[in-house]
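What follows is each chain in one-letter form.
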Amino acid sequence: MDRSWGARKLRWWLRKHFPRQRGPAERTVQRWLKQSGLILRPRSRRRRLRASRRLLPTLARRSNEVWTIDLKGWFRSRDGAKIEPLTVRDAWSHYLLWTKSLAPKNDANVRRICRELFRHKGKPRVIRCDRGAPFFGDGPCGFTRLSLWWWRLGIRVEFVRRGSINNNAHEQMHGVMKNELAIADTARAQARVLQRWTKYYNGERPNEAIDLRTPGSVYRARPKRLPALYPPHYPQSWLVRVVQENGEVTLPEWTGSIGRAFGGLPVGFASAGRRAYRVYFGSLYLGRLNLTRNQKLVLPVF
């Protein structure tokens with residue numbers, strides 16, 4: 001039980017631990033919290049109404065359908081060590097799949113963690129993340145090497161803006177972590193505290209979004225073997241070029257950037273009129289290139 005719990009969770013805890021006693025009604029517990037000054041002021045409704053008009057992302061209906069991933073804002077242990085946890089969460093069950101400090105904060109390290117999760121928990125249908133590093137880049141479709149790897153594995157990638165209602169549940173979990181997580185003396189001790197809190201969150205803390213069940217009682221792993229990744233093939237009439245590691249591509253009349261995410265991979269140029277091309281990576285449309293105008297790849301809006 002935690003001091004941040006509301007009336008509904010507190011009444012659930014009382015009924016669980018004192019099943020033979022007639023506990024107070026939820027409204028009574030609410031009144032006690034209000035009298036004690038323990039009820040937080042609700043957020044502005046105006047902000048919720050504005051956010052609700054935005055397009056909604058994929059709705060999770062079972063485990064491993066949608067995962068959300070984010071970096072929690074960094075903090076320091078008492079010895080000054082910087083702690084920045086990477087958190088991965090199953091959207092349907094609210095189960096925390098990963099909560100460990102990420103160091104170094106790069107593509108290769110996050111990919112290693114994802115590969116481990118995919119092997120033991122299963123591959124999600126959708127991964128939702130914000131528009132920040134190392135998930136989002138400035139190239140076509142916002143892909144980095146990491147998020148393009150997700151796409152190549154058959155995972156749909158949904159980018160949301162920071163503070164969007166589409167990522168509220170993950171950010172709310174970060175708020176709970178901030179309120180309940182104790183600050184340890186060292187980075188190693190902080191890692192142990194974080195793991196204990198994760199077990200508590202998954203196995204003991206009831207979640208109102210799943211009818212006061214615990215995430216661990218709802219989540220079901222579905223391990224699957226990851227598919228092999230092969231370079232895409234293109235029609236014989238297309239121009240095909242392998243992107244350099246710096247993201248550049250060279251055509252007979254043009255040299256420009258496609259994006260570092262596609263380094264070492266072949267992209268296809270389909271003719272779209274006189275000195276114009278539609279550019280693809282497999283079935284992924286990257287943009288339009290018109291050599292008679294600005295000679296820049298025009299990225300699609302997403």
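The structure under discussion appears in the preceding block.
What comes next concerns the included structure. These figures come from a predicted structure and were not determined experimentally.

Cut-offs and rules
- Residues numbered from 1 in each chain as written.
- Predicted model: local features only at pLDDT ≥ 70, side-chain atom pairs only at ≥ 80, totals over all residues.
- Heavy atoms only, no water.
- Helix = DSSP H or I, 4+ residues; strand = E, 2+ residues; numbered from the N terminus.
- Buried < 20%, exposed > 50% of the residue type's maximum accessible area, 1.4 Å probe, protein only.
- Contact = heavy atoms within 4.5 Å.
- Areas by Shrake-Rupley, 256 points an atom, 1.4 Å probe, with all protein chains shown as cover.
- Pairing = 2+ DSSP bridges.
- Core = buried A, V, L, I, M, F, W, Y, C linked by side-chain atoms within 4.5 Å.
- Salt bridge = Lys/Arg side-chain N within 4 Å of Asp/Glu carboxyl O.

## Here's the deal with the overall build of the chain
Looking only at helices and strands, one finds eight helices and 14 strands in the chain. In the chain, which comprises 302 residues, the proportion classed as buried is 45%. Look at the contacts in the chain between residues 6 or more apart in sequence, and 56% of them connect residues 24 or more apart. Working note: accessible area of the chain is about 18200 Å², and carbon and sulfur atoms make up 49% of it.

## Regarding the sheet that holds strand E12 (residues 276-281)
The antiparallel open sheet is built from five strands, whose spatial order is E8-E11-E12-E13-E14. Two strands close off the open sheet at either side, each with one partner strand: strand E8 (239-242) and strand E14 (297-298). The pairing of strand E13 (residues 284-290) with E14 spans two bridges and is antiparallel. Counterpart to Arg 288 in the pairing with E14 is Val 298.

## Observations concerning the nonpolar core
Burial of nonpolar side chains together is a common tendency in soluble globular proteins. Core analysis: the largest hydrophobic core is formed by 47 residues, its most contacted members being Ile 69, Leu 86, Phe 118, Trp 150, Ile 258, Phe 262 and Leu 289. The leading source of residues in this core is helix H4 (residues 107-121), at five residues. Every residue in contact with Phe 118, bar those within four places of it in the chain, is listed here: Trp 67, Lys 123, Pro 124, Ile 127, Trp 149, Trp 150, Leu 153, Ile 155, Lys 224 and Leu 226. Membership of the second largest hydrophobic core comes to 14 residues, among which are Ile 83, Leu 96, Leu 181 and Ala 189.

## Things to note about the environment of Gly 203
Structurally, Gly 203 can be placed in helix H7 (residues 187-203). Judged by its relative accessible area of 46%, Gly 203 is partly exposed. With 11 residues separating them along the chain, Gly 203 and Thr 214 place their C-alpha atoms 5.7 Å apart.

## Comments concerning the side chain of Thr 144
Take Thr 144: it is sitting in the loop between strand E6 (126-130) and helix H5 (145-152). Apart from residues no more than four positions distant in its own chain, Thr 144 is found in contact with Pro 134, Phe 135, Phe 136, Gly 137 and Ala 261.

## What about the pattern of salt bridges?
By the definition in use, this model includes nine salt bridges. For the salt bridge of Arg 111 with Asp 107, the shortest nitrogen-to-oxygen distance reads 3.5 Å. Of this pair, Arg 111 and Asp 107 both sit in helix H4, four residues apart, which is roughly one turn of that helix. On the basis of relative accessibility, which here comes to 22%, the residue Arg 111 falls in the partly exposed class. In this structure, Arg 205 and Glu 180 form a salt bridge, with 3.1 Å as the shortest nitrogen-oxygen distance. Residue Arg 205 is located in the loop between H7 and helix H8 (215-218), and its partner Glu 180 is located in helix H6 (residues 168-180); the two are separated by 25 residues in the primary sequence. An identical accessibility class is assigned to Arg 205 and Glu 180; each is buried. Ionic contacts of the salt-bridge type, sharing partners, join the residues Arg 128, Arg 156 and Glu 158 into one network.

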